[in-house]
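Analysis of the macromolecular model
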Amino acid sequence: MGRLARAGPALGSAALTGAARLLRVPGRRGRTGADGDPGAPARWQVVTVDRPPEQVLPDGRWPEPLRRLGGAVEVRVRPAPGDRGTELAARPLAGGTPPAGLAAHLVGDDPGLVVRRALRQVKQRVEAGEVLRADRSALDRRKAHG
Amino acid sequence: MRALCWVAADEVAVREVPDPELRNERDVIVRVRRSTTCGGDLPLLAGRDPLLRAGDVLGAEFLGEVIEVGPAVRRHRTGDRVVVGASVACGGCWYCRQGLHSCCDNSSADLASADPDRKGSDAGGFGRPRAAGGFAGGHADYVRVPYADVVAFPVPEAVDDDRALFAADAAPAGWSAAEVGAVRPGDVVAVWGAGAVGQLTAWAAVRRGAAQVLVVDRYEERLRMAEWYFGAEPLDYRRTDVAAELRERSGGRGPDVCVVAVGWSAAGRFGGRSADHPDALREAVYACRKSGVVVVLGGSAGFVDAFPLGTVTDRRLTLRGARRPDLRDVPMLLDRMARDELRTEQLATHRLPLEDGPHGYALFRDRADGCVRAVFTP
Ligand SMILES: [Zn+2]
């Protein structure tokens, strides 16, 4: 916006609109395909897992629960710099076929969410040995204890 | 079971709630013997955290007996007396492996995946909002402790409950403040805030060889405690010009390390200011010697306006922050407690049954009756 501000008073309204449009474009393309730009590929969601790739993907196979998203996401793996393990990335595949039950989650307002959750669970399983569950809410409990 | 629950702003109550249960293989269930109020509770108490829900159980620091053990727990058996660190941590992520348990990647329940833009740490804590990835707290008959092999520590027989309780958070927080500030032999160290964490920071600085440790507060009882038990020099900011005093006592250089432990609290109506000492942070930044270190402790600092950033750059200061403690120092601190090198029981100025929790919180919030910490026994 710096250039606009300096030119301020001399700019006609048409020029302003044009400039504003120009300025907006990169911002938009930088976002995921979720916000209305069908041409843009979805953004990669990435976690760093503090273990070597062979432990993150034993026998080169996708770990659960990422495997359940097979056909719907693409996955990228590379060693993290500085001995920090493995960078595990995934993103919804354009035109992919999500497994039943996940389709809605892979479109919606935040299609990255289901991917992030899967990546985070992979990370937790590998690093902590289990996926940490929240305390039960008072409501769950009331139901359970009848 | 009974538990001290948050109800509404400035209102807590002891209520009957369902017992906790093992939810993960690495969990244990602890029957609580002692729990304490802490400064981080105050913004919650005041209702400043929008994620807190009525019924959430408070209590970040506690000690008790293991009564149930998950199948993947290796270090604990039923009957063990344990103090539970205030940071939930997995022990296996990069941060945990560096000893930075307060930054654990895997200890908040599913929050980071929901919101990658969240600016907080991912580590979970006890007595913190469930909606923020936290876990039910220790002001209760029983507590679920996740990742128990990492988070819970056996208490040596020689250390009684009232002393060991402070190994949960206050002692490791103080120790790590001195460490983060890189306190060295011969240093002059100034600590703002003579609550439990401030006092234990002073103690840690003395142990690390500081030549002089000054503690700034306005509560005389607290200042006297810091002096008597931990060898700090008291500065009452109501009676003296702190900046001038610090300059004078440090040969005109300013303290090498300044620690702000004032408990960022509720009274900062606009966030980020301490009720007790609103200008503590600015005072510390101005006082610190050139190229010195300013350490800022405490929860809910939020936003701070009119921060003297120019002083940080002009004087080449290092600014460091910490909230929850890391866990690596807990065994060492318990050891020092067992050798009477560290005494903390006097910080429990008020011992009350859990039923009196609401009264205990009122005393603690208002610093009434010389209260440093209110400690509850279920
Ligand atoms: Zn961890």
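All figures in this text were calculated on a predicted structure; none of them were measured in a lab.

**Focus: the domain arrangement of chain B**
Residues and elements named next belong to chain B. Once the domains are mapped, chain B shows domain 1 (2-169 + 325-377) and domain 2 (170-322). With centres defined by C-alpha atoms, the gap from domain 1 to domain 2 works out at 25 Å. Tallying the contact residues gives 30 residues for domain 1 and 28 residues for domain 2. With both sides pooled, the region where domain 1 packs onto domain 2 buries about 2300 Å², and carbon together with sulfur makes up 62% of that total. The tally of links between domain 1 and domain 2 comes to two salt bridges. Arginine 207 is paired through a salt bridge with glutamate 341; the nearest N and O atoms lie 3.3 Å apart. Linking domain 1 to domain 2 there are six residue pairs in polar contact (both at pLDDT 80 or more). Elements with a contribution of two residues or more to the side of domain 1 that touches domain 2: helix H1 (41-45) and helix H12 (330-338). Among the elements that take part in the side of domain 1 that touches domain 2, H12 stands out by supplying five residues, more than any other. Broken down by class, the residue content of the side of domain 1 that touches domain 2 amounts to 15 nonpolar, four polar and 11 charged.

**What to know about the pattern of salt bridges**
All names here are of chain B. The tally for this structure, following the rule as stated, stands at 37 salt bridges over all chains. Across the salt bridge formed by arginine 34 and aspartate 162, the nearest N and O atoms sit 2.8 Å from each other. Separated by 128 residues along the polypeptide, arginine 34 in strand S3 (residues 28-36) and aspartate 162 in helix H5 (residues 161-164) bring together distant segments of the chain. Side by side, arginine 34 and aspartate 162 carry an identical accessibility label, which is buried. Among the ionic contacts, a cluster of salt bridges with common partners joins Arg33, Arg34, Arg81, Asp161, Asp162 and Arg351.

What counts as what
Residues numbered from 1 in each chain as written. Chains lettered and ligands numbered in written order. Predicted model: local features only at pLDDT ≥ 70, side-chain atom pairs only at ≥ 80, totals over all residues. Heavy atoms only, no water. Domains from an automatic or database assignment. Contact = heavy atoms within 4.5 Å. Buried area = accessible area lost by both parts, 1.4 Å probe. Salt bridge = Lys/Arg side-chain N within 4 Å of Asp/Glu carboxyl O. Polar contact = N/O pair within 3.5 Å; in protein donor to acceptor, adjacent residues only side chain to side chain. Helix = DSSP H or I, 4+ residues; strand = E, 2+ residues; numbered from the N terminus. Nonpolar A, V, L, I, M, F, W, Y, C, P; charged D, E, K, R; others polar. Buried < 20%, exposed > 50% of the residue type's maximum accessible area, 1.4 Å probe, protein only.

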